[in-house]
Amino acid sequence: MQPIRAAILGFAHMHVNEISQYILEEASVTLVGIAYVPPAAPELVVRRYTRAWNLENVAAQHHLTPYDDYRVMLDETKPDICFLLCENANKPMLAAEVARRGISLCIEKPMAVSYAEAQKIATLGVRYGVEILINWPTSWRPYIRRLDMVYRSGAAGRLLKMYYINGHTGPLGTGARHRGVDAAAESMTDAERAATWWYQKKMGGGVFLDIGCYGAMYSTWFQTETPVSVLAGSRNLNTPFCDCADNIAFIVDYPNSTSVIEGTWTIPNKILPTGPVLCCENGVLYCTPEKDIRGMDILGNEIDIPVDMPECDPNIVALYHRHVRDGAALHESVTLPFNLRVMALLDAAMQSAGKGCRVEVAAPDADLQ
């Protein structure tokens, strides 16, 4: 089998460094092209995890010269799959350029800025006959797969409430760290951060789409029922240079259960729980800071947790390689039907925060699934 030819389009998202590392580790996947997509407004500095820094880092790792024109890159390198790591607002436009060339696509989470934009992207797969995957970095973590295995074994009974809180000091905040790079974010002024897309609502910035999306993803993963409605709130508490929320919270109602989700840019992530907490009828299952799984019954006694680990691909690049080589099934979390449900839920939460009232969750269009 010939190596899979991969390309990277857009360097706005610092997860591009993680994707680059995974491509380096997968001998049967070769990065054949990388392309810069300029920001809507100029960024003021080059600092670790900014767009220009990400581009320089990946180019050096793979000994590639970046293309200034992504269309030329796609036409000349003819990749089998393109990893899209642009700002959220540009995803439909760039996804269309990739798909119409018959190139499969992997979009870094979340799928889009809204459910309507996600629907536009989903139609591309049908129209051009290409695969569209959505990558959630945490869905590959072994402790999450183990939590899923233990929960589905029935060790704690039926899920009553999923609780999830996640956050940090902001994508480019003080001390922020992202996989694929050993060092933390460098010091930046408020004006310098404000010039990056992460802090600009029109480009899909803000904590809803950065952190809240994970909560919507986990709720879609662990809840077995269809969501009914969402009640959400959002505030900008300590990021005055940003025109979107730095703290959000929302409650998702299901027919017989609920999810409580919080996201924040104003707290060091080391003090937060790792992964979702599953409150069940017979006890609680949760991830420890050491990335292990523990459980307690309703009396506070330890629940016996199996030591064996479920099979799990280490990352999205490895999964895609197995999928192409062996016909391996895609994990549900990367599929369009799953991610349309995630976006319907997340969109309802964002609408609720804007309107100040409960909002019903849309039922995804069956034709797009």
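Residues numbered from 1 in each chain as written. Predicted model: local features only at pLDDT ≥ 70, side-chain atom pairs only at ≥ 80, totals over all residues. Heavy atoms only, no water.

Peer 1: I'd love a proper account of the side chain of Ser-104, names of residues and values included.
Peer 2: Position of Ser-104 relative to the elements: it lies in strand E4 (residues 104–108). Overall, the relative accessible area of 11% leaves Ser-104 in the buried class. Apart from the residues within four sequence positions on either side, Ser-104 is in contact with Asp-80, Ile-81, Cys-82, Val-98, Val-130, Glu-131 and Tyr-320. (Helix = DSSP H or I, 4+ residues; strand = E, 2+ residues; numbered from the N terminus. Buried < 20%, exposed > 50% of the residue type's maximum accessible area, 1.4 Å probe, protein only. Contact = heavy atoms within 4.5 Å.)

Peer 1: An account of the sheet that holds strand E9 (residues 258–264) is requested, with residue identities and associated values reported.
Peer 2: The strand order across the open sheet formed by eight strands is E12-E11-E10-E6-E9-E8-E7-E13, and the pairing between neighbours is mixed. With one partner strand each, in any of the chains shown, strand E12 (293–297) and strand E13 (359–360) form the two edges of the open sheet. Most of the contacts of helix H6 (residues 142–152) go to strand E11 (residues 283–287), to which it runs at about 165°, and overall it touches strand E6 (159–167), strand E10 (277–280), E11 and E12. With respect to the sheet, helix H10 (residues 336–355) is in contact with strand E7 (229–235), strand E8 (247–253) and E13, its orientation differing from that of E7 by roughly 55°. (Pairing = 2+ DSSP bridges. Axes fitted to C-alpha atoms, helices over the stretch in contact; angles between N-to-C directions.)

Peer 1: Can you lay out the pairing of E11 for me, pointing to particular residues and giving the numbers?
Peer 2: The side-chain alternation of E11 yields one buried face, formed by Gly-283, Leu-285 and Cys-287, and one unburied face, formed by Val-284 and Tyr-286. As paired elements, E10 and E11 share three bridges and run antiparallel to each other. Residue pairing in the sheet places Cys-279 in a bridge with Val-284 of E11. As consecutive antiparallel partners, E10 and E11 are separated by two residues.

Peer 1: How would you sum up helix H8 (residues 207–222)? Please name residues and give values.
Peer 2: For H8, with 16 residues, the first-to-last C-alpha span of 22 Å sits near the 22 Å given by 1.5 Å per residue. The largest bend in H8 is about 40°, located at Cys-213. Burial analysis of H8 places 16 of its 16 residues in the buried class, the great majority of the element. (Expected span 1.5 Å × (residues − 1). Bend = angle between axes of the 7 residues up to and from the residue.)

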